[in-house]
Every structure is written in structure tokens, then in C-alpha cells.
Amino acid sequence: MALAMAVMPGSRGAGVPGPPQAAFFAAAALWFPASALVRRHGRRPAAALRSLPYAAGMAAMALMAHRMTGHSHGAAPVAAAALAVCLLLCALRSLTRCMPSLRATAGRRTAGEPYACFWDGSMALGTAVMLLMHP
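All values derive from a computational prediction rather than experimental measurement.

Calculation criteria
Residues numbered from 1 in each chain as written. Predicted model: local features only at pLDDT ≥ 70, side-chain atom pairs only at ≥ 80, totals over all residues. Heavy atoms only, no water. Helix = DSSP H or I, 4+ residues; strand = E, 2+ residues; numbered from the N terminus. Contact = heavy atoms within 4.5 Å. Axes fitted to C-alpha atoms, helices over the stretch in contact; angles between N-to-C directions. Parallel < 35°, antiparallel > 145°, perpendicular 65-115°, else oblique. Left-handed = near helix turned anticlockwise from the far one by under 90°. pLDDT = per-residue confidence, 0-100. Phe/Tyr/Trp six-rings, centres within 6.5 Å; stacked < 30°, edge-to-face > 60°. Patch = residues over 30% accessible without salt bridge, like charges linked within 9 Å, V, L, I, M, F, W, Y side chains within 5 Å. Areas by Shrake-Rupley, 256 points an atom, 1.4 Å probe, with all protein chains shown as cover. Salt bridge = Lys/Arg side-chain N within 4 Å of Asp/Glu carboxyl O. Buried < 20%, exposed > 50% of the residue type's maximum accessible area, 1.4 Å probe, protein only. Expected span 1.5 Å × (residues − 1). Bend = angle between axes of the 7 residues up to and from the residue.

Colleague: I'd love a proper account of the environment of Ala124, names of residues and values included.
Modeller: One can find Ala124 in helix α7 (residues 113-133). Sequence separation between Ala124 and Cys90 is 34 residues, and the spatial gap between their C-alpha atoms is 6.6 Å. Setting aside chain neighbours within four positions, we find Ala124 in contact with Leu87, Cys90 and Ala91.

Colleague: An account of the packing of helix α2 (residues 18-37) against helix α4 (residues 52-68) is requested, with residue identities and associated values reported.
Modeller: Contact pair α2 / α4: the axes reach a minimum separation of 8 Å and the direction vectors enclose 170°. For the element pair α2 / α4, the angle class is roughly antiparallel. The handedness of the crossing between α2 and α4 comes out as left-handed. Contacts between α2 and α4 involve Gly18, Gln21, Ala22, Phe25, Ala26, Ala28, Ala29, Phe32 and Pro33 from the former and Tyr54, Ala55, Met58, Ala59, Met61, Ala62, Ala65, His66 and Met68 from the latter.

Colleague: So what's going on with the confidence of the model for the protein? Which residues, and what values?
Modeller: A residue-level look at the protein finds 72% of positions with pLDDT of 70 or above and a mean pLDDT of 78. When mean pLDDT is taken per element in the protein, helix α5 (residues 76-97) scores highest with 90 and helix α6 (residues 99-104) scores lowest with 60.

Colleague: Quick one: what's the story with the packing of aromatic side chains, residue by residue and with numbers?
Modeller: Under the criterion given, the structure shown has three aromatic pairs. Arranged with centres 5.1 Å apart and planes meeting at 65°, the rings of Phe24 and Phe25 form a pair that is edge-to-face. Each member of the aromatic cluster is reached from another via a ring pair, and the members are Trp31, Phe32 and Tyr54.

Colleague: Would you mind going over a nonpolar patch on the surface in detail, with residue names and values included?
Modeller: A grouping of Leu88, Leu125, Val129, Leu132 and Met133 is seen on the molecular surface, where their side chains present a nonpolar patch of about 460 Å² in accessible area. Residue contributions to the nonpolar patch peak at four residues, all from α7. Mapped onto the fold, Val129 is located in helix α7. For Val129, a relative accessible area of 38% corresponds to the partly exposed category.

Colleague: Please give an account of α2 that cites residues and values.
Modeller: The end-to-end C-alpha separation of α2 is 29 Å, in line with the 28 Å expected for 20 residues at 1.5 Å each. In α2, a bend of some 25° at Trp31 exceeds every other bend along the element, and Pro33, a proline, comes one to four places later. Of the positions making up α2, those classed as buried are Gly18, Gln21, Ala22, Phe25, Ala28, Ala29, Phe32 and Ala36.

Here it is in C-alpha cells:
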């Protein structure tokens, strides 16, 4: 996901039109929950729910790429608002989920769980901000 977000701004300057970008990001938005549902082990619905921030981020990028074409429909602001709210809620949940464990493990190292929460939360927050700032 981070690689796709890093490529997005440069692809406009490279001459890649908006519709193929939007199609790529829409397919990526569907890939995250679909890959979670076809898992062979673990709880599939829980895995699909955990993939929601990534799917919402990719959907937001598809919407931003679509809006770059200048052919926005009346539903685009509603979709942008819904995605922004979803991403903000995901960011809030992810950024606050590991806070008690951060206090409890201040003197010892963990296996990266608090950092993963911070990474996921800041990605969701950054995507929501970019979605709201995008024209």
C-alpha cells in the first residue's frame, strides 16, 4: 500500500492517465478484503475486518485518481466524506489501541505490535487528510 501511495503523485507527471490509475486502486481496494477471505487458516471475517483500513485507503486513492480526470459525479463528495470518516475512525482506533501496552512495556521491547499500530494509524490518518485536501 505504501508503495502504491508513493507512486501515485509521480504517475501523473509520467503521463499515466487518471482512469487506469483509478482502476488499479479500485482493484487494490477489492484485493485486500478478498485476500483476507481466501485465507486457509484463522478467522476469515476477522481478517477481512482488519483489512478495512487498507481497503478504504485504496478506495480513497481510486477516488482521488478519478477526481484528477475532472469528471467527478455528484456522488464523489459523499463518497469522499464516507471514506474520510471511515479512515479517521480506523486511525483513531489504531492509534489508541496500543497505548496501554506502551505504558506497560516502557522498559522492555515488544515484537513490534505498538509500532504496527502506529504505522497503520498514521497511514489511515494521512490518507484521510489527503482525501479531504484533494480538490
